[in-house]
Every structure is written in structure tokens, then in C-alpha cells.
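# Structural characterization, general
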Amino acid sequence: MTIDLKGRIALVTGASRGIGYFTALELAKAGAHVIATARTVGGLEELDDAIKAAGGSATLVPFDLTDMEAIDRLGASIFERWGKLDILVANAGILGTISPLGHIEAKVFEKVMLTNVTSMWRLIRSVEPLLVRSDAGRALLFSSGAAAKAPAFWGAYAISKSAVETMGRIWAAENTHTTLKVNMVNPGATRTAMRAQAVPGEDPETLPHPSEVAQKILFLASPELTDSGRMFVVRENRFVDFRMPE
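Conventions and cut-offs
- Residues numbered from 1 in each chain as written.
- Predicted model: local features only at pLDDT ≥ 70, side-chain atom pairs only at ≥ 80, totals over all residues.
- Heavy atoms only, no water.
- UniProt positions renumbered as here; feature names shortened; annotations may be inferred.
- Helix = DSSP H or I, 4+ residues; strand = E, 2+ residues; numbered from the N terminus.
- Rg over C-alpha atoms; globule rule 2.2 N^0.38 Å.
- Buried < 20%, exposed > 50% of the residue type's maximum accessible area, 1.4 Å probe, protein only.
- Areas by Shrake-Rupley, 256 points an atom, 1.4 Å probe, with all protein chains shown as cover.
- Lys, Arg positive; Asp, Glu negative; His and termini not counted.
- Charge placed at Lys NZ, Arg CZ, Asp CG, Glu CD.
- Axes fitted to C-alpha atoms, helices over the stretch in contact; angles between N-to-C directions.
- Parallel < 35°, antiparallel > 145°, perpendicular 65-115°, else oblique.
- Left-handed = near helix turned anticlockwise from the far one by under 90°.
- Contact = heavy atoms within 4.5 Å.
- Nonpolar A, V, L, I, M, F, W, Y, C, P; charged D, E, K, R; others polar.

Looking up the protein chain in an unreviewed UniProt entry gives the name NAD(P)-dependent dehydrogenase (Short-subunit alcohol dehydrogenase family), with the organism given as Rhizobium soli. Annotation of the protein chain in UniProt includes, under Sequence similarities (unreviewed entry), the sentence "Belongs to the short-chain dehydrogenases/reductases (SDR) family."

This is the structure:
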């Protein structure tokens, strides 16, 4: 299915590498102007080169998502330049450490929560007014299978992704009477630096490349999408619904 995003404005966090990088590239290939954010300037410049080579366009915004005031300024800048936002891909996140809950350093736990949860809320607060100004606002919030599985030793990360899922469901419910559609994405184990950090003994060649994930989730940014408040499981290539514990 061909996705036409010509004339649409997309914001992608964590766009300097991995899934964020390739999702930004796919959005640009489909015609969207991409606002790419990340901490790594070099990675953003490589993305810009790739987007230009594909005939697309991008605006690079290097900053750290833990800078809450910078998130606020980003929303204001998007409003001043474009007056709206059509697509949000909230991909940025950190792993923290793989360790028993009681052994996680306080500063590590707090940084995971700040980066993965608090910054997400701040981003939502900053760009929601822009997304609802679009005729078809679309938001993709990245979660993980760890949120539902609650695996031992993945405490900080899994807890943060559970919070992201709940936040996304609430946000979707609050926008049932607007054109904004909010969905969560579970990419599954993917050949990324974060996965290598979490499971260092794993053969990365056995995992899907992040470009494959990006291609599968592009439709979530389409104006034709009608689903909201759901989880798209990339490995299964389908939506699943949230439900109460049994």
C-alpha cells in the first residue's frame, strides 16, 4: 500500500539511529517534511543526507529530551513556522540497566523515568494543540513487549514502558471526539544498539533490521488510519487491544 504524506509535517524523536532514523526516512520518502530530534548531531546530519538523497526534506533539532523547557520551545517553534503538526513519532528512550530492582541506582532509575515517561508527557502537552489543528493528526508512541511481560531484571525499562502505554491509552480516550488518532507500537526485538546493550550475547543477524520495522509502521501515520488507543505489534503485523487482567 502506497502512503501519501505530501504536505504533512512529522516530528520524530530519537531520529539519529535505529528505528527512529529509518522511520524518519520512510516518512520523508512518503512526502512528509520531517522534524528530526536527537542528542547526536552527527546522526541527525547523516539522516538529513539520506533524506535529501531520497528527494525529501528535514529540519534538524538537536536537543536532549530531558530538557523540559526545550520541549516546550519546540512546540512553540513548530507553531510559529507551520501552525500545526500532522504526525508525532515518539521513539526516543533509554534502557537503563538490566539488574534486580533493589540494585538499580537511584540516579539510573530516575533518568529512565525522566527520559521515557516525564518527557513523553511534556511532549504530549507541547504538541497536542498542534496535532488537533491537523485534519488528521497521528501519534505513535513506542512501547515494548517488556511492559506486558514484566520480565525479571528489566525493571526500570519495563515500568517506564507500562507508563507510556497507559499514557497513550488515556490520551487516545481524551481525543475520541477529535481527528487525532493515538496508537502504541511494540516493535519487538530489533537489531538496534539498545537491544545489543540489553542482550549482548545475542546474534544481531537473527533480528529484523530497524528499516523493516519502519516500513511496517508507516501506515500508522496515514490520514486514512481509523484505529486509535490500540497497540500495533510489528512482529505479528497487526493491532491488538488492551484488556483487563484475567
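On we go.
This next bit is on the overall build of the protein chain. Within the protein chain one finds eight helices and eight strands. A compact globule built from 246 residues should have a C-alpha radius of gyration of about 18 Å, and the protein chain, at 17 Å, falls within 12% of that. In terms of principal-axis extent, the alpha carbons of the protein chain reach across some 50 × 40 × 40 Å. Relative to its 246 residues, the protein chain shows a buried fraction of 52%. As displayed, the protein chain has an accessible area near 11600 Å², and 52% of this comes from carbon and sulfur atoms. Distance from the positive charge centre (26 side chains) to the negative charge centre (27 side chains) of the protein chain: 2 Å.

A few words now on the packing of helix α1 (residues 18–29) against helix α8 (residues 210–217). In contact at an axis separation of 8 Å, α1 and α8 are set at 50° when each is read in the N-to-C sense. Between α1 and α8, the angle is such that the two are oblique. Read as a crossing pair, α1 and α8 show a hand that is right-handed. Taken together, the residues of α8 that come into contact with α1 (itself represented by Gly18, Ile19, Phe22, Thr23 and Glu26) are Pro210, Ser211, Val213, Ala214, Gln215 and Ile217. For the contact of α1 with α8, a count of residues per class yields six nonpolar, four polar and one charged.

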